[in-house]
Amino acid sequence: MLDSVLIANRGEIARRVLRTARQMGIRAVAVYSDADADLPYVREADEAVHIGSGPNSSQPARSYLDAASIIEAARKTGAAAVHPGYGFLAENADFARQVIAAGLTWVGPDPAAIEQMGDKIRARNLMQRAGVPVSPGSREPLTDAAAAVAEADRIGYPVMVKAAAGGGGIGMGVAAGPADLRAAFETARSRAERFFGSPEILLERYVQRARHVEVQILGLADGRVLALGERDCSVQRRHQKVAEETPSPGVSAALRERMLAAAVRAGEAVGYRGAGTVECLVDTETGSFVFLEMNTRLQVEHPVTELVTGIDLVEQQFLIAAGEPPSFDPGAVTSSGHALELRIYAEDPVRFLPGPGTITQWDEPSGEGIRVDAGYQAGNTVTPFYDPLLAKLCVRADDREQTIERARVAVAAFRVTGPKTNLAFHAELLTSPEFVSGDYDTSLVSRMRPS
């Protein structure tokens, strides 16, 4: 088994990985930038290494995206493995290869799988060959607006414009016609090049009323791929998730069975090992689904799956990386109850603009069925350098109605002062008739907050 790990991340997810490492007796090494020196995960690690120096040292490129500094920190501290968390270098195949070349264990899938699934067009084509449903869309990357218009004529409007090498909703846009498409294409291309280093764009048929549903998969060390249920991620602002739940209230038993089977095929097609997520779009009108993308890492919303299955996904990541069998019986996975995750951001609850600042009060809710994965405490400063996620409020109960009621109480008890937060938005969401009914789609937030 692994005896030590460097966590190549920060904040909430670094603290989350650290918790399981401690429970497994694995020595945990943290890395931190100047801006994060006072965060809880730095203090709680067995050892912490400062990365990034000089002007702008807290910028991601000079700290958490600096592969050489991270690998040097692992070498200097004697860490045996590297866990990337999510974001930053988690889906960077070159970084994974550098980790392996340095003689360290990579706690993640094979770099080839990361590379295959990192390019959305390549991934779509591979999934189609594997028998996984895909939406009408680009077969090749697009690099100019004229080609995009010609491709949209073939696919049919409206179309979704995406960065081929991107994620997180960055650069995404919807076009109803050629004029819209040209503007959306230029915006997407500019943002894709800036954030992902590639100007390549893809188009997909846009579904007017859709749910975003993903399947948690786990590729075991013996080669088997398991599906551990689905999560509904349709509550989004700017194409970015803010709340997730399992099981999805919009997925029937028959549809669930088909989606889970397709996700297993997807994992098998790339020889997947470790925790990953197959993201799908469900057409609420037809009840059909198509493959969106595969995230070759641990997802932000993984706790809801843990709450209903009792499986610690980070523990499984460590075991798989070490070539060990899982800590549960793969043939007897069950799901019990309902779980909901609310992402607590330092942002304006109306316009969703970042609102950094120093936290003067931090009171977390607690009690039966409540889990808070937090990256901050009172006295910490939320800086503008990184994603403004403060914590994930996760709630579980026997059914969806009880879960929502428990979440309402927990949100009311969560007190954060100093920076702006979106707690008021979550309080509104949990009383929204559309959300409470379970009959909602990805446009829910835009209807709650019309521009």
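Before any of the text, the structure's been laid out above.
In short, a report on the structure. (Residues numbered from 1 in each chain as written. Predicted model: local features only at pLDDT ≥ 70, side-chain atom pairs only at ≥ 80, totals over all residues. Heavy atoms only, no water.)

### A short note on the packing of aromatic side chains
With the rule as written, the count across this model stands at nine aromatic pairs. On the basis of an interplanar angle of 50 degrees and a centroid distance of 6.4 Å, the ring pair of Phe195 and Phe196 is categorised as tilted. Judged by its relative accessible area of 42%, Phe195 falls in the partly exposed class. Under the relative-accessibility criterion, Phe196 is labelled partly exposed at 27%. Members of the aromatic cluster, joined through ring pairs, are Tyr64, Phe88, Phe385 and Tyr386. Between the NZ or CZ atom of Arg211 and the centre of the ring of Tyr440, over which it lies, the distance is 4.3 Å. Positioned above the aromatic ring of Phe435 is the side chain of Arg400, whose terminal nitrogen or guanidinium carbon lies 4.9 Å from the ring centre. (Phe/Tyr/Trp six-rings, centres within 6.5 Å; stacked < 30°, edge-to-face > 60°. Buried < 20%, exposed > 50% of the residue type's maximum accessible area, 1.4 Å probe, protein only. Lys NZ or Arg CZ within 6 Å of the ring centre and 35° of its normal.)

### Comments concerning empty space enclosed by the protein
For the structure shown, the criterion picks out one cavity of 30 Å³ or more. As a volume, the largest cavity reaches approximately 50 Å³. Around the largest cavity sit Pro84, Gly85, Ala90, Trp106, Val107, Gly108, Pro109, Ala275, Thr296, Arg297, Leu298 and Gln317, which together line it. Along the lines of polarity and charge, the residues of the lining of the largest cavity split into seven nonpolar, four polar and one charged. (1 Å grid on protein atoms, 1.4 Å probe; cavity = no way out; pocket = protein on both sides within 12 Å on 5 of 7 lines; lining within 4 Å. Points joined across faces, edges and corners; volume = space filled by probe spheres on them. Nonpolar A, V, L, I, M, F, W, Y, C, P; charged D, E, K, R; others polar.)

### Some details on the packing of helix H1 (residues 11–23) against helix H11 (residues 313–321)
It is at 9 Å that the axes of H1 and H11 come closest, and there the two elements cross at 65 degrees. With respect to H11, the axis of H1 lies roughly perpendicular. Between H1 and H11 the crossing geometry is right-handed. Counting all contacts with H1, which are made through Arg16, Val17, Thr20 and Ala21, the residues of H11 involved are Leu313, Val314, Glu315 and Phe318. (Axes fitted to C-alpha atoms, helices over the stretch in contact; angles between N-to-C directions. Helix = DSSP H or I, 4+ residues; strand = E, 2+ residues; numbered from the N terminus. Parallel < 35°, antiparallel > 145°, perpendicular 65-115°, else oblique. Left-handed = near helix turned anticlockwise from the far one by under 90°. Contact = heavy atoms within 4.5 Å.)

### Considering the pattern of salt bridges
In the structure shown here, the tally under the stated rule is 39 salt bridges. Close ionic contact of Lys241 with Glu214 constitutes a salt bridge, the shortest N to O distance being 2.9 Å. You can see Lys241 sitting in strand S11 (residues 240–246) and its partner Glu214 sitting in strand S9 (residues 210–219), a full 27 residues away along the chain. Several salt bridges share partner residues, and in doing so they unite Glu214, Arg231, Lys241, Glu244, Glu279, Glu301, Glu341 and Arg343 into one network. (Salt bridge = Lys/Arg side-chain N within 4 Å of Asp/Glu carboxyl O.)

### Observations regarding the environment of Gly25
Within the secondary structure layout, Gly25 lies in the loop between H1 and strand S2 (27–32). Judged by its relative accessible area of 60%, Gly25 is exposed. For the pair formed by Gly25 and Ser4, sequence separation is 21 residues and the distance between their alpha carbons is 8.5 Å.

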